[in-house]
Amino acid sequence: MQKKISGALISVFYKDGLEPVVRTLEKLGIKIYSTGGTQKFIEDLNIKCIPVESLTTYPSILGGRVKTLHPSVFGGILGRRDIEQDLQEMAQYKIPEIDLVIVDLYPFEETVAQHASPLFNGDNSGVEKAIIEKIDIGGPSMIRAGAKNFKDVLVIAAKEDYQPLVSLLETQQGETTLEQRKQFAAKAFEVVMNYDIAISNYFNQALFNPFHEKQGLRYGENPHQQAVFYGDLRNCFNQLHGKEISYNNLVDIDAAIQLINEFDTTTFAIIKHTNVCGVAQRSSVKDSWDAALAGDPESAFGGVLVCNKPVDAATASAINEIFFEVLIAPAFDEDALQILKSKKNRILLQLTGAYTPQIQYKSVLKGTLVQDNDKGNFSEWKEVGGRNTTQQEHDDLAFANIVCKHLKSNAIALIKNRQLVGKGCGQTSRIDALRQAIEKSKQFKFDLKGAVLASDAFFPFNDCVQLAHAAGIEAFIQPGGSVRDKDSIDYCVQNNLAMIITGMRHFRH
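Everything quoted here is computed from the prediction, not taken from an experiment. (Residues numbered from 1 in each chain as written. Predicted model: local features only at pLDDT ≥ 70, side-chain atom pairs only at ≥ 80, totals over all residues. Heavy atoms only, no water.)

## With respect to the environment of asparagine 410
Working step 1: Tracing the sequence through the fold places asparagine 410 in the loop between helix H15 (391-405) and strand S19 (412-415).
Working step 2: You can call asparagine 410 buried: its relative accessible area is 15%.
Working step 3: On a C-alpha basis, the gap between asparagine 410 and serine 455 in space is 8.2 Å, while along the polypeptide they are 45 residues apart.
Working step 4: Excluding its chain neighbours within four sequence positions, the residues that come into contact with asparagine 410 are Gly424, Cys425, Gly426, Gln427, Thr428, Ser429, Arg430, Ala433, Asp456 and Phe507.
Working step 5: Within the structure, asparagine 410 has its side chain in polar contact with the side chain of arginine 430 (distance 2.6 Å). (Helix = DSSP H or I, 4+ residues; strand = E, 2+ residues; numbered from the N terminus. Buried < 20%, exposed > 50% of the residue type's maximum accessible area, 1.4 Å probe, protein only. Contact = heavy atoms within 4.5 Å. Polar contact = N/O pair within 3.5 Å; in protein donor to acceptor, adjacent residues only side chain to side chain.)

This is the structure:
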C-alpha cells in the first residue's frame, strides 16, 4: 500500500547527516515540524519549518523536559487514516497528519560511559543528575507511536538510516510502501528496547539501588562491624547446603567466581582472603583439585574452593578430607552432594549463570571510586627476550598472567604445567613478592626448572629476572612500560631467556 508523506516531525539530538534529509523533504513539498535545536538547524539552512509550539500552543517547559508530549503531536502520529472517527477528531482539534517521524534518543549510554557509571545513591546531584537528564521521555514515546501506526507512518530512529531514507524518498517521490514502513517500525522498536535495557542496567548495577533486596549479615569484616548486602544472590548462585553466608565469605566468593570465569578448560582454584593460593588445570576435576591443593596445602585450610566443571564423588571424597568454608561449582553429582553435606556448616553453592561484573566500586574518603572491571589477559604478545617461547611456555605464561591478575599487588605468580607452584602478593616491592613466591615453592618442594613467571606490573630493575633465573625460571611475562624495561630485556637476551611484553597491567589493590 503506497502512501504519500504530507507532514514530517523531526526532533533529533545528533544533526550530522540530517541536511540531505531536510533538503529532500523541502524539494518534495513535505511540511516539516520541529523543536528546539533541530528547528534552529533547519531554519539555518533557510528551509521553512513549523515549530511544534504552534501545534501545542505551549512552549518547551520544565527545562526542556516537556516539548512534544501533547495530543496535537501524538494525535498526528497515531491518528488512523482509514477510520472516519479518527479523521473527524483530527479535523475538529486541528491536528495535522504526521506521516514521517525522525527522532533519535538522548545519549544516555554515552553519558554513563563518560562518567564511568557512577553510583545511584538518590542524591540527584552532580554526575548522576547529568545521567538522569539523559533519560529520554518524549523521544521513545514518539518512536513507539510512529512504529505502532506503521500502517500510516514511517519512523526513522537511527541516524544511519538517513541516507537510505533520502534514497527511498527520491526514488519513490515521497511515497512509502507498507512493507517499508513495517521494516523501519521493527528497527525502531529494537532501538527503544536497547535504550530501555541500557537504562535498566544502569539502575540495576548501581550500588544501594533501592530496587535491590537488602540482606542483613551477621556482622562485617570483624564481629564489631555491622554489615548488609544489597543485591540478589540468586542471580549468581543457589545455596544447596551450609550456614548463613558471611561478609568475608561474600568477598572471597566474589573473588573466586571472577577468577574461575577466566577459564574454559577444567580448572580448580582455592581462594584465601581474595588471593589465589592454589589453582591448576588438568584433564579431570579430581586431578585439577589434587594439583591445586598441592600448590599450597597449608593456605588451603579454611579457604573458598571453586571449579568450573561438575563435582563428582571422587573429587568430593578428596575435598572432604580438609576443612574449607565454601565450595562453588556449576553442578554436583548426587553422590558427591551426600559426601559434602556430611559437615553441617559447610557452604555449597551452585552457580546459576555467568557472573561478569562490568563495574567495580570501592568506598574511600567519604566517597566512592568507580571503575570498569579489569577485563582481558593481554593486549599484545610481544616476544622480546633472547629466544621465542616454546609452546609449553606460551600456554603456561598465558595461564600465569591470568592467575597473577587475581593476586593482590605487588604480585608474582610462578606456574609450571598450568599449576600454581609459588606466589607472592600484597608486597611493598616486586622483589619481595618474588622472594615470597620462591620461598613458597621451596616450602612445598617444587622444582622451578621449566617454570614460568608472571608479574602484574613492569620490572623497575633487572633484579627480579636475575633472582628468578638463579632459581631455574627461564620464561617471563609482564606488561612493560618502565623507563628501564631495557635492563630486564637485555638480561633475558644475554642469557637466552624468553620474555613477553603484554601492554596490559593488572594491578589489584
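There is more to say, and it comes next.
## Points about the sheet that holds strand S13 (residues 303-307)
Working step 1: The strand order across the open sheet built from six strands is S10-S15-S14-S13-S11-S12, with neighbouring strands paired in mixed fashion. Of all strands in the sheet, those with a lone pairing partner are strand S10 (237-241) and strand S12 (275-281), marking the two edges. On average, adjacent strands in this sheet sit at an angle of 20 degrees to one another, irrespective of strand direction.
Working step 2: Pairing between strand S14 (residues 324-329) and strand S15 (residues 347-351): four bridges, direction parallel. When the sheet's bridge partners are listed, alanine 329 is paired in S15 with glutamine 350.
Working step 3: On the sheet, helix H11 (residues 247-260) packs against S10, strand S11 (267-272), S12, S13, S14 and S15 and is oriented at approximately 150 degrees with respect to S11. (Pairing = 2+ DSSP bridges. Axes fitted to C-alpha atoms, helices over the stretch in contact; angles between N-to-C directions.)

## Structural notes on helix H18 (residues 485-494)
Working step 1: All buried positions along H18 are accounted for by Asp485, Ser488, Ile489, Tyr491 and Cys492. All buried residues of H18 project into a common sector of 160 degrees when viewed along the axis, lining one side. Looking at H18, the residues exposed on the side facing more than 90 degrees away from the buried face are Lys486 and Gln494.
Working step 2: Against the buried residues of H18 lie helix H17 (463-470), strand S22 (475-478) and strand S23 (498-501).
Working step 3: Immediately beyond the C-terminal end of H18, within one or two residues, lies asparagine 496, with a positive phi of roughly 60 degrees. (Arc of directions from axis to C-beta.)

## Looking at the pairing of S22
Working step 1: Alternating positions in S22 separate into two faces, Ala475 and Ile477 on one and Phe476 and Gln478 on the other, with burial throughout.
Working step 2: One ladder, built from three bridges, connects strand S21 (residues 452-455) with S22; its direction is parallel. Within the sheet, the bridge partner assigned to valine 452 lies in S22 and is alanine 475.
Working step 3: With H17 bridging S21 and the parallel S22, this β-α-β connection has right-handed handedness.
Working step 4: Taken together, the four bridges between S22 and S23 define a ladder with parallel strand orientation. Looking at S23, one finds that phenylalanine 476 is bridged to methionine 499.
Working step 5: In the classification by handedness, the crossover that spans S22, the intervening H18 and the parallel S23 is right-handed. (Right-handed = clockwise from strand over helix to strand, strands pointing away.)

## Comments concerning unusual backbone geometry
Working step 1: Residue serine 409 is joined to asparagine 410 through a cis peptide bond whose omega torsion reads -10 degrees.
Working step 2: The phi dihedral of lysine 94 falls on the positive side, at around 55 degrees, and the residue is not glycine.
Working step 3: Take lysine 94: it is sitting in the loop between helix H5 (84-92) and strand S5 (100-103).
Working step 4: Under the relative-accessibility criterion, lysine 94 is labelled exposed at 70%.
Working step 5: In this structure, histidine 273 takes a positive phi of about 55 degrees despite not being glycine.

## Some remarks on the packing of aromatic side chains
Working step 1: Following the criterion strictly, the structure yields eight aromatic pairs and no others.
Working step 2: With centroids separated by 5.1 Å and ring planes inclined at 75 degrees, the aromatic side chains of phenylalanine 13 and tyrosine 14 adopt a geometry described as edge-to-face.
Working step 3: By relative accessible area, phenylalanine 13 is classed as partly exposed at 35%.
Working step 4: Ring pairing ties together the aromatic residues Phe13, Tyr14 and Tyr106, which thus form one cluster.
Working step 5: Seen from the ring of tyrosine 14, lysine 159 lies directly overhead, with NZ or CZ sitting 4.5 Å from the centre. (Phe/Tyr/Trp six-rings, centres within 6.5 Å; stacked < 30°, edge-to-face > 60°. Lys NZ or Arg CZ within 6 Å of the ring centre and 35° of its normal.)

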